[in-house]
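# Observations on the three-dimensional arrangement
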Amino acid sequence: MSEKENKIGYRTVLKQKEYVKVLVANLISRFGDSIDAIAFTWLVYQATGKASWSAIIFAVNQLPGIFVQPFVGPIVERMNKKRVLVVTDIIRAVIIILLAGLYVTNNINAWVLLLFTIIISTVESFNIPAATAIVPSIINLDYYEYSSSLSKSLGTAVELVGMAVAGGILALFGVHTAIAIDAATFAISAVILSFVNMGEAEISKAAMSAREYIGSLKEGVSYVKDYKIIRNFCILGAFANAALVPINSLQGPMVSELMGQGPEFLSFYGISLSVFIGVSSLAYPFISKKVAPLTTIVTAGLLVGLGVFSITFTRFFHDNAAMVYVIAFLSCMLIGVGAALLTSTLNVQFIKSVKPEYLARVASIFNAIVGAASPVTSFIVGLVAAVFSISQIFTVSAIIYIVIFIVLAIKKVDFGERNQG
């Protein structure tokens, strides 16, 4: 290991001024998002009075990421990335303020919410590939393990704070205030990002013709097809996302039917899981120096599988709440540590493996593939849940997860070289 690598740490990363500006902007907007996530859920139910609309709007929110984002990658790649980030933040702030205004004037209904959801998600389809493509411009990739882990950990902490205060904001000041706070955080983020120096590589290029656009789009698709490691990232990301759908989509039944607990248990489970994800993300850079990516990924996958399987044991202790809490806590530890290591390794190796000039296009395709796994799996889980018990679904999911990662180890699937080089 070189002397330079020995000196790299979180303190080194925090000295990277442009990265810190982007980090602060992201944390501020994530704080607003965490408040809005709760406020918007409440707003949808208030406006429609039907739980079904919540599910519909949740599903529609994911569609632009699947069907729009892959096609905007070539466009974003030819644009000034900082400008894209600033403009999309401003647009989101304006849209959310309009939404708050419609709520105050009693002009909100299900179709308005659906329209606003589509618009915001479409705008985000431009923001996400731009945010990925700027990484090489704001941070040395030798520091990326630490910068990615720091961003994930602080983001988790900020989201926990946002969720903690959201209930109080809704109760004391109303939904419109919570939504306005989210708009304000996007506006502040836009101001901060406008001061980021991305370098000459970020100067926007001339507008491209339709032929150039199609050619650029084909190049991005070919890049994914031609590089096996990139295909491996896409497949792993989609599978990892799909495998956690049962926990995410069946939390209510999981707590009630499997654990025999009330709705307050959801907070305990969610906070415990978030804490383990945040702490484990901070530890990732130190692990990555010693352990190869494939080993980390396989170990992480096995931990998640064991964590999901361990949840099923709570059904034997409905009369012993303390034991249920202990098992759930251990489950959160296994899933949180595994998920953090899995996503951190995947994100870092993806950024390091893709050429900078292809990042926006490839990230758009990657995000669409990974994002598509969630609604497809949610639909399957919904059908399966009508026939099988929660315990059976979790058991089968855990077994599949464990088997898949054992196969990855046996096949020695390529996920990049050891990070220390």
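Refer to the structure presented above.
One structure accompanies this document, and this report is about it. What you are looking at is a predicted structure, and each value in this text was computed from that prediction instead of being measured. (Residues numbered from 1 in each chain as written. Predicted model: local features only at pLDDT ≥ 70, side-chain atom pairs only at ≥ 80, totals over all residues. Heavy atoms only, no water.)

## Quick notes on the overall build of the protein
For the protein, the count of helices and strands is 19 helices and 0 strands. Since a compact globule built from 421 residues should have a radius of gyration of about 22 Å, the 22 Å found for the protein is in line with a globular shape. Expressed as lengths along the three principal axes of its C-alpha atoms, the size of the protein is roughly 65 × 60 × 40 Å. A buried classification covers 48% of the 421 residues belonging to the protein. (Helix = DSSP H or I, 4+ residues; strand = E, 2+ residues; numbered from the N terminus. Rg over C-alpha atoms; globule rule 2.2 N^0.38 Å. Buried < 20%, exposed > 50% of the residue type's maximum accessible area, 1.4 Å probe, protein only.)

## As for the nonpolar core
Counting 85 residues, the largest nonpolar core has Tyr269, Ile311, Phe350 and Phe394 as its most contacted members. Examining the composition of this core, we find that 10 residues originate from one element, helix α17 (residues 321-353), more than from any other. Leave out the neighbours within four places in its chain, and Ile311 touches Ile247, Met254, Leu258, Met259, Tyr269, Ser331, Ile335 and Phe394. Of all hydrophobic cores here, the second largest spans 29 residues; its members include Ile35, Ala39, Val60 and Ala178. (Core = buried A, V, L, I, M, F, W, Y, C linked by side-chain atoms within 4.5 Å. Contact = heavy atoms within 4.5 Å.)

## Here's the deal with the environment of Lys352
Considering the arrangement of structural elements, one finds Lys352 in helix α17. Lys352 gets classed as partly exposed once you look at its relative accessible area, which sits at 31%. Residues Lys352 and Leu141, 211 residues apart in the sequence, show an inter-C-alpha distance of 7.0 Å. Only 2.6 Å separates the side chain of Lys352 from the side chain of Glu145, close enough to count as a polar contact. (Polar contact = N/O pair within 3.5 Å; in protein donor to acceptor, adjacent residues only side chain to side chain.)

## Examining the pattern of salt bridges
Here the idea is simple: oppositely charged side chains can pair when their charged atoms come close. On inspection of all chains with the given rule, the structure shows 7 salt bridges. Put simply, Glu124 and Arg92 hold a salt bridge, and the shortest N to O gap is 3.5 Å. Here Arg92 lies in helix α6 (residues 81-104) and Glu124 lies in helix α7 (residues 110-133), a separation of 32 residues in the sequence. Arg92 gets classed as buried once you look at its relative accessible area, which sits at 7%. Between Arg361 and Glu219 there is a salt bridge, with the nearest N and O atoms lying 3.1 Å from each other. In this pair, Arg361 is assigned in helix α18 (residues 359-385) and Glu219 in helix α11 (residues 210-226), connecting sequence segments 142 residues apart. (Salt bridge = Lys/Arg side-chain N within 4 Å of Asp/Glu carboxyl O.)

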